[in-house]
Amino acid sequence: MEGKILILGATGTFGRPVTRSLLEKGFAVRVLARLPQKARRLFGATVDVVPGDAGNEADLRRAMRGCWAVHISLPYRLDPVVMERVVGLGRETGLRRITYVSATNAHETTRRFEMSAAKLRAEARLRSSGFACTIFCPTWAMETLPRFVRGGWGLAIGSLKSTPIHFVAGEDFGRMVAASYEDDRALGKRLFIHGPEAVPLPEALIRFVRACYPDLHILRLLPWQVRLIAALTGRQELAEVARLIAYFDEVGELGDPSEANALLGGPTVTLQQWIEGRKARVLDTRHER
Ligand SMILES: NC(=O)c1ccc[n+]([C@@H]2O[C@H](COP(=O)([O-])OP(=O)(O)OC[C@H]3O[C@@H](n4cnc5c(N)ncnc54)[C@H](OP(=O)(O)O)[C@@H]3O)[C@@H](O)[C@H]2O)c1
């Protein structure tokens, strides 16, 4: 295929493994990055890095020139406006394919949640654009678990009744997105990506912290307590986490991954395997100090 695949959000949790998997398959990849050094450190010289902001139309136009595909993996608040611009600019730049990271719980019944509404708007714009596209709807990434280690504590958020979640490893997600670029049967599809086993969030967090940070105390918190701490301290990222957990606890984990698994080969990395890999990396870092 002539030209490049542009990744928006390449340095993020899901963007990194997608970028790496596409490079491994031999695709020519360009990334638009606010922090070009970070992108070069992560991907080396094999990737073409265009410095810029996805929210800036001129940056986006510059990055899209010469790209036959765009993969969008940005924070959800940017999705509707960036999708609109990618579709508009794509007509000028000769774009032929768009892949988009939505979310497993983006559904009409959950539109009252801001994230869901943003995803549904971006998806609708993409479908009406006429561009060949695939929409990926992943559940939680295993790579989000380290974000719950804060201030010397391992936070285990959630109640005993927390929804079991099929956590997916970034490497599985990256492999599946990259596989979709080699298989036109993925075009026009909305594919749910769920990991191989379901584990409630607090259990996953306790297993992760005990294995990787055995010296840390585990602080069990209910979602309402997290909301209260977030309101008292003004910490936006905690409020965001509490909202996300409430969203899953209220509606469960939506979506059926069987079509994605049949088409692209389902995720295989279990939570335990991922935790073991992470533990080895944490130990390596400690030995290097
Ligand atoms: N992680 C999950 O568990 C999960 C589950 C389901 C769906 N999703 C969806 O997947 C998408 C990606 O999530 P993620 O967890 O990978 O996000 P993330 O880790 O926060 O990464 C966001 C990426 O977007 C980049 N970015 C942010 N603002 C930008 C801007 N203005 N211009 C250019 N780049 C910008 C960030 O670059 P910097 O390096 O500069 O910050 C980073 O590369 C989101 O839409 C999310 O809703 C995620």
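Further up the page is the structure itself.
Think of each chain on its own: its residues are numbered from 1, step by step along the sequence as written. At least 70 in pLDDT is required for a residue's local features to be given in this predicted model, at least 80 for side-chain atom pairs to be given and counted, and no such filter applies to totals for whole chains, interfaces and linings, which use all residues. Note that the side-chain values use all heavy atoms of the structure and ignore hydrogens as well as water.

Engineer: Explain the packing of helix α8 (residues 223-233) against helix α9 (residues 236-251) to me, please; I cannot follow it from the model alone.
Structural biologist: The angle between the axes and the distance between the axes are what describe a pair of packed helices. Between α8 and α9, the least distance of the axes is 8 Å, while the angle of their chain directions is 155°. When the axis of α8 is compared with that of α9, the two are roughly antiparallel. Crossing of α8 against α9: the hand is left-handed. Taking contact as the criterion, the partners of Pro-223, Val-226, Arg-227, Ile-229 and Ala-230 in α8 are, on α9, Leu-238, Ala-239, Ala-242, Ile-245, Ala-246 and Asp-249. Gly counts as polar in this scheme, as do all residues outside two lists: the nonpolar Ala, Val, Leu, Ile, Met, Phe, Trp, Tyr, Cys and Pro, and the charged Asp, Glu, Lys and Arg. For the contact of α8 with α9, the class distribution of residues is nine nonpolar, no polar and two charged. Between N-to-C directions, angles span 0 to 180 degrees; the directions come from axes that are lines fitted to C-alpha atoms, helices contributing only their stretch in contact. Numbering goes from the N terminus for both helices and strands, where a helix is a DSSP run of H or I of at least four residues and a strand is a run of E of at least two. We call two directions roughly parallel when the angle between them is under 35 degrees, roughly antiparallel when it is over 145, roughly perpendicular when it lies between 65 and 115, and oblique otherwise. In a left-handed crossing the near helix is turned counterclockwise from the far helix by less than a right angle, and in a right-handed crossing that turn is clockwise. Whether two residues are in contact is decided by their heavy atoms: any pair within 4.5 Å suffices.

Engineer: Looking at this model, I keep getting lost on the nonpolar core. Mind explaining?
Structural biologist: Note on soluble globular proteins: their nonpolar side chains tend to be buried together. With 37 residues, the main nonpolar core has Trp-140, Leu-145, Phe-148, Phe-167, Leu-201 and Trp-274 as its most contacted residues. Secondary structure elements with two or more residues in this core: α5 (114-129), β8 (153-157), α7 (201-212), α8, α9 and α11 (271-288). The term nonpolar core refers to a set of buried residues drawn from Ala, Val, Leu, Ile, Met, Phe, Trp, Tyr and Cys, joined through side-chain atoms within 4.5 Å. Accessibility here uses a 1.4 Å probe with only protein chains present; expressed as a share of the type maximum, an area under 20% marks a residue as buried, one over 50% as exposed, and anything in between as partly exposed. One finds Ala-39, Phe-43, Val-168 and Ala-260 within the second-largest nonpolar core, a separate group that totals 33 residues.

Engineer: Can you help me understand the environment of Ala-230 in this one?
Structural biologist: Among the secondary structure elements, Ala-230 is positioned in helix α8. What makes Ala-230 buried here is its relative accessible area of 5%. Dropping the residues within four chain positions of it, Ala-230 is found in contact with Arg-235, Leu-238 and Ala-239.

Engineer: How do you make sense of the pairing of strand β2 (residues 29-33) when you look at a structure like this?
Structural biologist: Looking along a regular strand, one sees side chains alternate from face to face of the sheet. Burial runs high along β2: five of the five residues are buried. Burial of β2 is two-sided: the residues Val-29, Val-31 and Ala-33 facing one way and the residues Arg-30 and Leu-32 facing the other way are all buried. In this structure, strand β1 (residues 4-8) lies alongside β2, joined through four bridges in parallel fashion. Across the sheet, Ile-5 pairs through a bridge with Val-29, a residue of β2. We call two strands paired when DSSP finds no fewer than two bridges between them.

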